[in-house]
Structure formats: structure tokens, C-alpha cells
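Each chain, letter by letter, is given below.
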Amino acid sequence: MPTKTHVQTRINGEDVEFLSEPRQSLLECLRDVIGLTGSKEGCNDGNCGACTVNLDGRIVDSCLVLGVEAQGSEILTIEGVATPAGLHPIQTAFLENAALQCGICTPGFIVASKALLEAEPNPSEGRIRLWLAGNLCRCTGYDKIVRAVMDAAGKMS
Amino acid sequence: MTTTAYEPNVVLATETFDVVGTRPIRHDGTDKVTGRAEYGSDGQPVSVLYCKILRSPHAHARIKSVDTSKAEALDGVKAVVTGKDFPSSPPDEEWSGTTGTFKLKDLREHRLATKKVLYKGHPVAGVAAVNQHVAQEAIELIDVQYEPLPPIMTAPQGMAKGATLLHDDLFTEEAGEKGDTPSNLASHLQYKKGDIEKGFAEADVIIEREFNTATVHQGYIEPHSCTVHWNKDGKVHIWNSTQAPFDVRDMTAGILGLSSTDVRLTPKEIGGGFGGKWEPYGEPICALLSKKTGRPVHNALTRAEELESTGPTPGSYIKVKMGITNEGKMVAAQGHLAYEAGAYLGSPVDPGAQCIFAPYDIPNVLIDGYDVVVNKPKTAAYRAPGATNAAFASETVVDEFAEKLGIDPIELRLLNAAKEGTRRADGPVFPRVGCVEVLEAMRDHPHYSAPLEGPNRGRGVAIGFWFNVGLQSAANMNVNGDGTVTLTEGSPDIGGSRVGLAMQGAEVLGIPAEDVHPSVVDTDQIGFTAGSGGSRVTFATGWAVYEAASDIKRQLIERAALIWGVDAGDIEMEKGVVQSKSDPDLRFTFKELAAELDGSGGYVSGRGAVDPKGEGGAFAGLIVDVEADPDTGKVQVLRATVVQDAGKAIHPSYVEGQLQGGTAQGIGWGLNEEYFMDPEGRMANSTLLDYRMPIALDLPMIDTVIVEVANPGHPFGVRGVGEVNIISPPAALANALHRALDVRMEQLPMSPGNIMEAVWKKGK
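So, how was this worked out
- Residues numbered from 1 in each chain as written.
- Chains lettered and ligands numbered in written order.
- Predicted model: local features only at pLDDT ≥ 70, side-chain atom pairs only at ≥ 80, totals over all residues.
- Core = buried A, V, L, I, M, F, W, Y, C linked by C-beta atoms within 7 Å.
- Buried ≥ 20, exposed ≤ 12 C-beta atoms within 10 Å, placed from the backbone.
- Helix = DSSP H or I, 4+ residues; strand = E, 2+ residues; numbered from the N terminus.
- Contact = placed C-beta atoms within 7 Å.
- Expected span 1.5 Å × (residues − 1).
- Domains from an automatic or database assignment.
- Pairing = 2+ DSSP bridges.
- Axes fitted to C-alpha atoms, helices over the stretch in contact; angles between N-to-C directions.
- Nonpolar A, V, L, I, M, F, W, Y, C, P; charged D, E, K, R; others polar.
- Parallel < 35°, antiparallel > 145°, perpendicular 65-115°, else oblique.
- Left-handed = near helix turned anticlockwise from the far one by under 90°.

**Concerning the nonpolar core**
All names here are of chain B. If you look at the biggest cluster of nonpolar residues, it comprises 282 residues, and the most contacted ones within it are Cys51, Val127 and Leu737. In terms of residue count, helix α16 (residues 537–564) provides more of this core than any other element does, twelve residues in total. Setting aside residues up to four positions removed in sequence, Leu737 forms contacts with Gly458, Val626, Ala628, Val635, Val743, Met745 and Met750.

**Quick notes on helix α5 (residues 143–156) of chain A**
If you check α5 of chain A, its first and last C-alpha atoms are 20 Å apart, about what 14 residues at 1.5 Å a residue would give, namely 20 Å. All buried positions along α5 of chain A are accounted for by Asp143, Lys144, Ile145, Val146, Arg147, Ala148, Val149, Ala152 and Ala153 of chain A. Here the buried face of α5 of chain A lies against α2 (89–96), α3 (106–119) and α4 (125–131) of chain A together with α18 (652–671) and β33 (702–707) of chain B.

**Looking at the environment of Glu94 of chain B**
Residues and elements named next belong to chain B. Residue placement: Glu94 occurs in strand β5 (residues 94–97). Through-space distance from the C-alpha of Glu94 to that of Leu501 is 35 Å; in sequence the pair is 407 residues apart. For Glu94, the residues in contact, after removing those within four places along its chain, are Thr101, Phe102, Lys103 and Leu104.

**Considering the domain arrangement of chain B**
All names here are of chain B. Annotation of chain B at the domain level lists domain 1 (1–15 + 432–467 + 617–764), domain 2 (49–150 + 223–309) and domain 3 (470–610). A straight line from the C-alpha centre of domain 1 to that of domain 3 covers 38 Å. Between domain 1 and domain 3, the contact holds 14 residues from the first and 13 residues from the second.

**Observations concerning the sheet that holds strand β2 (residues 49–55) of chain B**
All names here are of chain B. Spatially, seven strands are ordered β4-β8-β2-β18-β15-β16-β17 in an open sheet, and the strand pairing comes out mixed. Each of the sheet's edge strands pairs with one partner strand only, and the pair in question is β4 (77–82) and β17 (263–267). Strand-to-strand twist across the sheet, computed as the mean angle between neighbouring axes with direction ignored, equals 25°. Relative to β17, strand β16 (residues 236–240) runs parallel, the two sharing five bridges. The partner of Ile238 across the bridge, within β17, is Leu265. The sheet contacts of helix α4 (residues 132–139) involve β2, β4 and β8 (123–129), and relative to β2 the element is tilted by about 30°. Against the sheet, helix α7 (residues 245–256) engages β16 and β17, with an angle of about 145° to β17.

**A word on the environment of Glu596 of chain B**
Position of Glu596 of chain B relative to the elements: it lies in helix α17 (residues 590–597). Sequence-wise, Glu596 of chain B and Ala332 of chain B are 264 residues apart; in three dimensions their C-alpha atoms are separated by 67 Å.

**Describing the interface of chain A and chain B**
Each side of the interface is counted separately: chain A has 43 residues, and chain B has 42 residues. Breaking the side of chain A that touches chain B down by element, the ones donating at least two residues are α2, α3, α4 and α5 of chain A. Per element, the largest residue contribution to the side of chain A that touches chain B is four residues, and it comes from α2 of chain A. By residue class, the composition of the side of chain A that touches chain B is 22 nonpolar, eleven polar and ten charged.

**Re the pairing of β4 of chain B**
All names here are of chain B. Burial runs high along β4: six of the six residues are buried. Examined bridge by bridge, β4 and β8 share five bridges and lie antiparallel to one another. Following the sheet pairing, Thr82 is matched in β8 by Ala125.

**Some words on the packing of α18 of chain B against helix α19 (residues 728–741) of chain B**
Residue and element names in this part refer to chain B. Viewed as axis vectors pointing N to C, α18 and α19 meet at an angle of 55°, and their least axial separation amounts to 7 Å. The angle between α18 and α19 falls in the class oblique. With respect to the hand of their crossing, α18 and α19 are arranged in right-handed fashion. From α18, Thr663, Gly666, Ile667, Trp669, Gly670 and Leu671 reach across to α19, where they touch Ser728, Pro729, Pro730 and Leu733.

**Concerning the sheet that holds strand β29 (residues 587–589) of chain B**
All names here are of chain B. One open sheet accounts for three strands, arranged β27-β28-β29; its pairing is antiparallel. Both outer strands of the open sheet, β27 (571–574) and β29, are each paired with one neighbouring strand and no more. Across this sheet, the average inter-strand angle for adjacent strands is 15°, counted without regard to direction. As paired strands, strand β28 (residues 577–580) and β29 are joined by three bridges and run antiparallel to one another. Looking across to β29, one finds that Val578 is bridged to Phe588. α16 rests against β27, β28 and β29 of the sheet, and its axis sits at about 135° to β27. Packed on one face of the sheet, α17 meets β28 and β29 and runs near 95° to β29.

Here is the structure:
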């Protein structure tokens, strides 16, 4: 009996197939099976948002999705946010606004912020705080993150 | 204030430089916004095994037996270890490092208990298996028989007569003497200044209050993580997430019975620490497992393991009695601080005791501090360790004085503020410090005079003092032919320190910050560098970089002299230009001279290794507005302005980030965060849903004012900025809550439940 399931996905615009045990989360598959370690594990129970990825247009905690559930889905991880031409404006804004200190939560914040600006190109401070309420940052107090998202919104519009 | 219009972030600069004080992009930034940066768990070596740790379900118990046979027999398990696999030493053999002096046997028992478990989550055995799931199954097959004992959960409980003892070989240390009967009180310290009785006799108003603060956690988002390989040549290599590569190397070597440099530690990127990543947790266990299997072994803690078994900061019981004259002159202050050390001695009660009244010039002071072991995880440093608990007590009493005397709270603090020459109760006399300047900037900030209207709203202020530390650091710099300079150093970059260090080197050499390429290297590649903590990296490692760059500068002048055939004394180097003082035609830009190095004697390297003693103590204060719901006790923070003396802000954006981050942590500590312990001494809220750290929705923008009172003990005036900002928030929030709801909070956190208890108590 095989112990793993064959999963077909598109990740960051490319076809990716992998084998997942039934008990492996999508986060574990991304990190340990596929080698995309940009998504981070901070709690493994959906409370910190460091593993945020975009799954079929929705931001999810990839630690709360099973690897086998990703069958047939389109996934964007932090590794797919920049293009060969350069950084995404949100990434540039995070750098220019010093919106990261240790940087461990940054991939999750950038993936979540990208989804926000695609849904709401000119969010208020309150809307940004609401959209990012699922992502914990312990270093910054969120001030510079909120400013970076506002800055990116301004530059993208 | 020099500004009239309101700005969210203000730098009150007193001296300007070319590079220092500007805001370049951090060198490690692109890797960190693209997911390429490798943190503790990222990128494991081929053939790695995964370690899980069996932990005690009891807060306090004797271990009767451990049977690992079923776990060893499980398919996929490669090795099982217990504390018996550590080497043994004489019972009193000690180990010393930057964190203190400890018995080696305690360091080993802390990592893997063999006799007693002293907190829920205390490690008992480690397993290495082909993956984490098999390792998890295996630890569940280990059979440990315990004899549970009554748990000690608070410092006063531990100090009570007849309390159950955690250790039968712990004797109270008091005034350099050891007691003769075992006790949970590890030490009692005392600081005295003047005559406390005389002081209270001179006072017109005396206030005495008692305070209790809950255990809280550093809460870094990246759990501890390490990979260890015990090579066949007897050398151990650690790759991990740590603030303190050399300190963890040395303690791990001590625990394993090795010489320091038998261990090589490669620090990966670190996902936060705040003091909590200064000692080894999984490293010694993975080392034993690697020795047994011959393969690298990886361990990453879960969030529950983080909360239940890595260093929180202590819960505490504090009593404060202060006396003041009707004119507002503080004349007496007495403090009794009892801090929970956790399972092994070493709470930060000493720094708490040294800081509690430090912002004020008070002639008569008596402070007693008690370090008490309890059945909670061994505490670790957390951002200005010990000082936040202490300031919550003293700064709310100062606020009560202001109210009673009808003096503005900032003016009252200014009347008593510590200055150059003020002697602290613990002995040191302040050099030039910025307490007055911080208070004046708070008073003059538009936030302080802005109207705050509406019911159940209040504004509070508080200030805090923290020492900052020096300690050893090293740096090497190499000039390249294209005019850039590589910089290697040993301070893990926890918040943008690479750029702050590169900038100091660039300033000396007169080149752009972007032309200095910084790298954090391993313990075999750089001289001893104490950890990234104590607000010390920009200060001490910055000084090492200053020395290395100055070394290069001297050599470049000598090289130009050689090339030009003139005396080196005739050459100067200013703003990146090397030129003759007498012949204007003899001139090299940095880039031009760098291109001449190959062929004129070779490239140039500079070295810096320092142990600076001139660390500058720092003051910070917070102005905070809150709205409290009188029916539910929920508190919303409406506005916050943090003011801090940075000495000199090398990169103001990252200094602002420290002020904002420390304030956010202080707000979490003040309002939400708490270890809920059940009656058996087990943490009942070990997830990030229930251990409630502030989220983006909880906080307003956090405005900053950077005050710059240059530290005479640093070439650019740096004081260090990482810690002092966490001290004020709980007290400032309590003082704001007093104005919002007319209650004085004497307990942390000021959670809805605790606030309602206070409201109801007052209503009775």
C-alpha cells in the first residue's frame, strides 16, 4: 500500500506535482517536500499567519490546509510575488518603510497585503488593520507595516 | 520641540553626519521580502533526522522510572536519549558565561531531567526519527513513572515557611553568605541610600501599594530551531536561530563536556528573540542524538513548547512605599521585589531592583530583591529584563502623588528627574543622561496638550530607565578593488543591525552605506561577540566596526604615502578622499585608491575587537490615550507617543521601529498577556489564540520622538535603543485607566476581568 498521495497543483505559475502523506499540512509539503521555505511556521495552528499563502484567490494559513486538499489548486507563495523584472511594489514599500525587523512574519504579511490591494486598491488604515489582523508581528507594532501598505497602494494606483 | 506642525516621527538631532542618521535600504532586505532568507528551520542538510522531545505533564514531580524500549523499537526511530547520556560532573562544578554562573548539573537537568521535573514541559527524553511524525509517535511510547509533588506557583508561595522545596541543594545567598538550610529563595539582595526612616519622617504624603504581575512570554514569531551534527572527528556543528552564537556555543559545550571551540555555531537568520534566544534548548539534545546516529539532527519547538518550556519573563509581587513633600520633592522610596525565577535560579530581580527608582533623584532609598524558584519554566531575558514589572509599581505610585498634590505628572517627574551626577541607590553615579530631555520632549509634544474628549477616556504617562550593556564584539573589514568594503561580524541581525553597523563603517571611510557589504558569520570566523541583546549591537559591535574602519583608514593613508613617496603625516583622509595637506595634486578618492591597492602592496584589511565600558543608560517615556468600557472592561488604545533618548540614531527608521515594537510589547504586557495556570500548575493557554499578543487591530499608529543626548562613551554618541521602550507602557496605561474609570490598577495584565474586579471593588 502506498503511504502517500499524488497531488497536482500550480504553484507560483508553474505545474508542481508532489507526494503528500495524509497527515501532512500544505505548509509542511511546501517547506519539506517541495523546498519552498519562504512560508514560515510560527504556530502550526492558524494563529500567527506566518504561513499565509494565496490558495485559489483566498489567503489561507497553509498550516490549516492538508497537502492532499491542494489537489487541482492554484497557489501563490512569497516566492512567486516578485517577477524576473524585479520586486513587487509591496516588497519595495516594505523595504523603503523599514516595515520589517526580524523578517519572519514578512512573507505572510506581503502575501496578505497583495490580496488586500487586489481586492481594495485604496484601503483605509482601518481596512488594512482588519485585513492584516490574522498576521502576527512581534517586532514592529504594525505601524510601519500599515504605512508600507498605504505607500504601496499609493504607488500602484 | 523644534517642529510646529505635527509629525508622526521626529528626530531631535543634536549632531549631523554624512551617513549616520540617514535611512538607506537594509542590505539583507531583499532576501527577507522575497522568502529567500534562511531562518532556523529553512534548508536542512541531506540525511537530516528529526527530533521530538518528551516533556513532563506535571509541574513538579519525582521521576521514578523511564522506559524507552517501545519507542526505540518503533520503525523509523534512529535513537532515543535521556539525561543519563550527558557526561556527569562533581555536584558543585560551575559553568560561567554572560548570563551568569550556574551549576553544570543544573544546566544538564534543565535540558533533560533525570531526577525531578520542575515545570510542565520539562524535557525528559529526546527521539530522533526519519520525520517529525514518527518522532512524535515515538515519544508517546516512552513510559515515564512520576511521583507528583505539590507545585509552587508564585514567589510569595515559594518563600512561605514550610513550602515544598524544588531543590534540596539550593541555599539562600544573602550579602555574600550562603544559608545553611535548603530554600526556594535563591538570593536576597539589598540596595541602600541615605536613611529611609528619616526620609519618611520628612515626607508630607506617603503612599504604599502592593502589585502583582503575571508571567509573560517574549513571543517571537519563530520558535527555537536548531540542527546539530556531531562529526566523526569529535567536532560539533550547530546551525540555529539564536541571538547569542558564542554564548550558546559555550553553554552547549559546557553541557556536553567539550571545549568551547569543539563546537562551531553557524547562526541562521533569526525570527525574533527579545532576550529569549540566548541559551540552548534543543541543541544539547540534538547533539546527543547526532552522536548516537552519526547524522545531523533537527529540532524545532512547537508554539506550545515555546510557551510552556522556554523562558518567559517572571511574574512578580512588588511592594512600593514612597514619601514626598507637599512641594513635590520625593524624599523616600522603599521597594520589595519578589520575582519568580522559574525552575532554576536567576530571575531578573536585580536589574528590576536597580531600575525601580532610577529615574529620580531620591535621597533616601531602600530596595530588597528576592529571587525565588517556582514550578514554571526557567525565566529568560525579555527586553529590559525585570524593569517593566518594577516600573509598573513605582510609576503608578508617582502618578498617584501627582494627583494628590495637584501637580502635572510630567512636571512632578521633572522636579525629581535624575541628572548627571545623581547617584542611584545601587551605587553608580549617572554620567550624562537624557531623563530631563525625554520628559521635556513629552511635555512639549502636541499629543500631551491635545484635547481628549468623551466619557471613559483618559491619558497617562510614565517613564523608565534601562542600563544598556557593552560586552565584547569583533569586526573585520576588507577593501576590494572596486572600492567596496566587506564587513564580517558576529551579531545576529534581529532588527536591522547589519545596516546600522555598515553605516558606522561607511561614515568612518566616507563611502556610501551601500558600498559596505555586511555578513553575520559563524563562531569560527570572527572573534568573540556577545549576543544581540542588552541594546548592545549598534553600540558595541558598532564600535568594533568603527575600530576596523579606522584601522583601514590608517592603512590607506600609509599606502597613499607609499605610492606618492611622501610622509604619511602629510596626508589626511576626510569624507572618502585621501589627499596631501601640502600638494593639492596628490589626491585619491576612496575608489581610486582601492583600485591602486593590488600592485602597491595588496588589499587592505581592518580589525576591531572591543570590550567597551562606556555604555550609556537610556530613558524612555510613553504618552498614551485609552478608552475603557465600564461594562466590559475592554480597553482600546486611542493614541500612543513614545519618546526615547537614543544618544544617536544611526538609522532612524530602525530606531523608530524599536520604539514602536517595544511599546507594542509593553501594551500587550499591560492589557492582555498572561500565563493562565491551572491548579496543578499547568499552563492553560499555550496557543497564540489564548496567549493574546497584540494584533494590528488592537493598536493605533505609534508616534515616536527620538531624543539625542549623545553618549560620551561612543564615537557617534550611541546609547543603544532596543529595550527601554517596553518599560513605560503598563504603568502609562494604568495611569490612563485611572483617569478613564477612576480605578487604580495594581495587577497585570489589566485584562477586562481584572479591570471589572477593580471597578466592582471600588463600587462597594
